[in-house]
Number of protein chains: 2
Amino acid sequence: MTDIIQIKPIGIIKTSYEDPSGMPIQGRFKDDVTGRIELFPEYWDGLKDLDGFSHAILIYHFNRAKEANLLGRPFLEDVDHGIFAIRSPKRPNHIGISVVRIEGIEKGAVVFSEVDILNGTPLLDIKPYVSHFDAREDVKNGWIEKHFEDGSYPKRVIV
Amino acid sequence: MTDIIQIKPIGIIKTSYEDPSGMPIQGRFKDDVTGRIELFPEYWDGLKDLDGFSHAILIYHFNRAKEANLLGRPFLEDVDHGIFAIRSPKRPNHIGISVVRIEGIEKGAVVFSEVDILNGTPLLDIKPYVSHFDAREDVKNGWIEKHFEDGSYPKRVIV
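Note that this is a predicted model, so its numbers are computed, not measured.

> Is there a simple way to think about the overall build of chain A in this case?
Scanning chain A from N- to C-terminus turns up 1 helix and 9 strands. The N-to-C order of helical and strand elements in chain A reads β-β-β-β-β-β-β-β-β-α. Relative to a compact globule of 159 residues, whose C-alpha radius of gyration would be 15 Å, chain A shows 16 Å and is just as compact. In terms of overall dimensions, chain A has a C-alpha envelope of 45 × 40 × 30 Å along the principal axes. Excluding contacts between residues fewer than 6 apart, the proportion of contacts in chain A whose partners are at least 24 apart in sequence is 75%.

> Sorry, what's going on with the interface of chain B and chain A here?
For an interface, size is often stated in terms of accessible area lost upon the parts coming together. Taken together, the contact pairs 61 residues of chain B with 61 residues of chain A. Only β1 (5-7), β4 (55-61), β6 (81-82), β7 (95-106), β9 (121-128) and α1 (131-134) of chain B provide two or more residues apiece to the side of chain B that touches chain A. Ranked by residue count, the leading element in the side of chain B that touches chain A is β9(B), at 6 residues. A per-class count over the side of chain B that touches chain A returns 34 nonpolar, 15 polar and 12 charged. As paired elements, strand β1 (residues 5-7) of chain A and β1(B) share 3 bridges and run antiparallel to each other. By the bridge assignment, Ile5(A) is partnered in β1(B) with Ile7(B).

> Could you clarify how one ought to interpret the sheet that holds β4(B) in this entry?
Strand-to-strand pairing in sheets goes through backbone hydrogen bonds, with the strands running parallel or antiparallel. Residue and element names in this part refer to chain B. One closed barrel holds the 6 strands; their spatial order is β2-β3-β8-β7-β4-β9, and the pairing between them is antiparallel. When strand polarity is set aside, the average angle formed by the axes of neighbouring strands in this sheet is 45°. Sheet topology places β4 next to β9; 5 bridges connect them, and they run antiparallel. Residue pairing in the sheet places Leu58 in a bridge with Ile126 of β9.

> Would you take a moment to explain the sheet that holds strand β2 (residues 11-14) of chain A for this structure?
If you trace the 6 strands once around the closed barrel, you get β2-β3-β8-β7-β4-β9 (chain A), paired in antiparallel fashion. The mean inter-strand angle of the sheet, taken between neighbouring strand axes irrespective of direction, is 45°.

> I tried to follow the nonpolar core on my own but got confused; where do I start?
As a rule of thumb, nonpolar side chains are buried together in soluble globular proteins. By size, the foremost hydrophobic cluster in this structure holds 78 residues, and its most contacted members are Ala56(A), Leu58(A), Ala56(B) and Leu58(B). Ala56(B) has contacts with Leu50(B), Val100(B), Ile102(B), Phe112(B), Ile126(B), Lys127(B), Pro128(B) and Tyr129(B), leaving out every residue within four places of it along the chain.

> Please explain the confidence of the model for chain A as it appears in this structure.
Segments scoring low in pLDDT should not have their predicted coordinates read at a detailed level. Mean pLDDT over chain A stands at 93; residues scoring 70 or higher make up 99%. Note on the complex model: pTM 0.95, ipTM 0.95.

> Honestly, the pairing of strand β8 (residues 109-113) of chain B in this entry has me stumped. Any pointers?
Residues and elements named next belong to chain B. Burial along β8 is one-sided: Val110 and Phe112 are buried, and none of Ala109, Val111 and Ser113, which face the opposite way, are. Pairing of strand β3 (residues 34-39) with β8 involves 5 bridges; the strand directions are antiparallel. Within β8, the residue paired with Ile37 across the bridge is Val110. Bridging between β7 and β8 involves 5 bridges; their strand directions are antiparallel. Considered in β8, the bridge of Arg101 is made with Ser113. The antiparallel hairpin formed by β7 and β8 contains 2 residues in its connecting segment, where Gly108 sits at a positive phi of about 75°.

> It is not clear to me how the environment of Phe53(A) should be interpreted in this structure. Could you clarify?
If you trace the backbone, Phe53(A) turns up in the loop between β3 (34-39) and β4 (55-61). The spacing of Phe53(A) and Tyr129(A) is 76 residues in sequence and 7.3 Å in space, taken between C-alpha atoms. Among residues more than four places away in sequence, those in contact with Phe53(A) are Ile102(A), Pro128(A), Tyr129(A), Ala85(B), Lys140(B), Asn141(B) and Gly142(B).

> Quick question: what am I supposed to make of the relation of the copies chain B and chain A here?
Copy one and copy two of the chain differ by a rotation about an axis and a translation along that axis. Mapping chain B onto chain A leaves a residual RMSD of 0.0 Å; the transformation is a rotation of 180° accompanied by 0.0 Å of translation along its axis. Considering both components of the superposition, the chain copies are consistent with a two-fold axis. Counting the interface residues of chain B, we find that 100% of their copies in chain A are interface residues as well, pointing to one common contact surface.

> I tried to follow the environment of Tyr60(A) on my own but got confused; where do I start?
Its place among the elements puts Tyr60(A) in strand β4. The residues contacting Tyr60(A), other than those within four sequence positions of it, are Ile13(A), Gly96(A), Ile117(A), Thr121(A), Pro122(A), Leu123(A) and Leu124(A).

Rules of the game
Residues numbered from 1 in each chain as written. Chains lettered and ligands numbered in written order. Predicted model: local features only at pLDDT ≥ 70, side-chain atom pairs only at ≥ 80, totals over all residues. Helix = DSSP H or I, 4+ residues; strand = E, 2+ residues; numbered from the N terminus. Rg over C-alpha atoms; globule rule 2.2 N^0.38 Å. Contact = placed C-beta atoms within 7 Å. Nonpolar A, V, L, I, M, F, W, Y, C, P; charged D, E, K, R; others polar. Pairing = 2+ DSSP bridges. Axes fitted to C-alpha atoms, helices over the stretch in contact; angles between N-to-C directions. Core = buried A, V, L, I, M, F, W, Y, C linked by C-beta atoms within 7 Å. Buried ≥ 20, exposed ≤ 12 C-beta atoms within 10 Å, placed from the backbone. pLDDT = per-residue confidence, 0-100. Least-squares fit on C-alpha atoms with pLDDT ≥ 70 in both.

Here's what the structure looks like:
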């Protein structure tokens, strides 16, 4: 059950963020930037009908993260939390997910906004975001909630 | 850039679903069933502070799926869609995600409801579900939307 699983990137995510500096902690906090998924040609046919969706979930490899820690200190905090209670890249398996807004689909490529992904990140999967499946109400946001009091965003959301 | 990435399960997901029969197409369509994540001991410390969250995003390996197709016919449909516009397990890299409701956390284990995962599925990651990051409004749900007209659920949501 603990066998190693081999994963192969299906494409590359191109963005303007060469390093985390200037990148939002979540893409929706800086929504005027676009990125571009370039799928490898053997996967192009899989994009059929994605153009009917406004949002997608990208699953990718945090390939610049070399550490895998069990505790981490998020950008917004000055205390440590468990790695499974934060979204840090320095986690076991270095898998990242982002909900992005689809701006356009070209042959083998997807242009998207709400970008929080470094340039050159290997893409592992694209799933359609389905509000009936993925949006939840009555959510308790743990340690994060205090940073969003009164419905406002935290002051520091850009790295 | 197309290097193989090696992933190692962090635990096992235990559920009552030995095969897809009787399982909902999404966990929230049958919310009276619970499952249990059993983390391998070396990852237990990573659960710190997850208990403040009501929901988590599980990332796991569709280990029973052997095929990887570019088109697929979802349970609700009688036409094919691109694999990146559906949530089928028969996809490149066989990576699955589910939003689940956290019911309780024990030492090294997480009990959850809203289960749509087969028993014995290898777990790759747990992320806290954060409404400010993951919930979207103004969503266009593509081919899926017609199955949810008038705010009702589809009649067939159990496999």
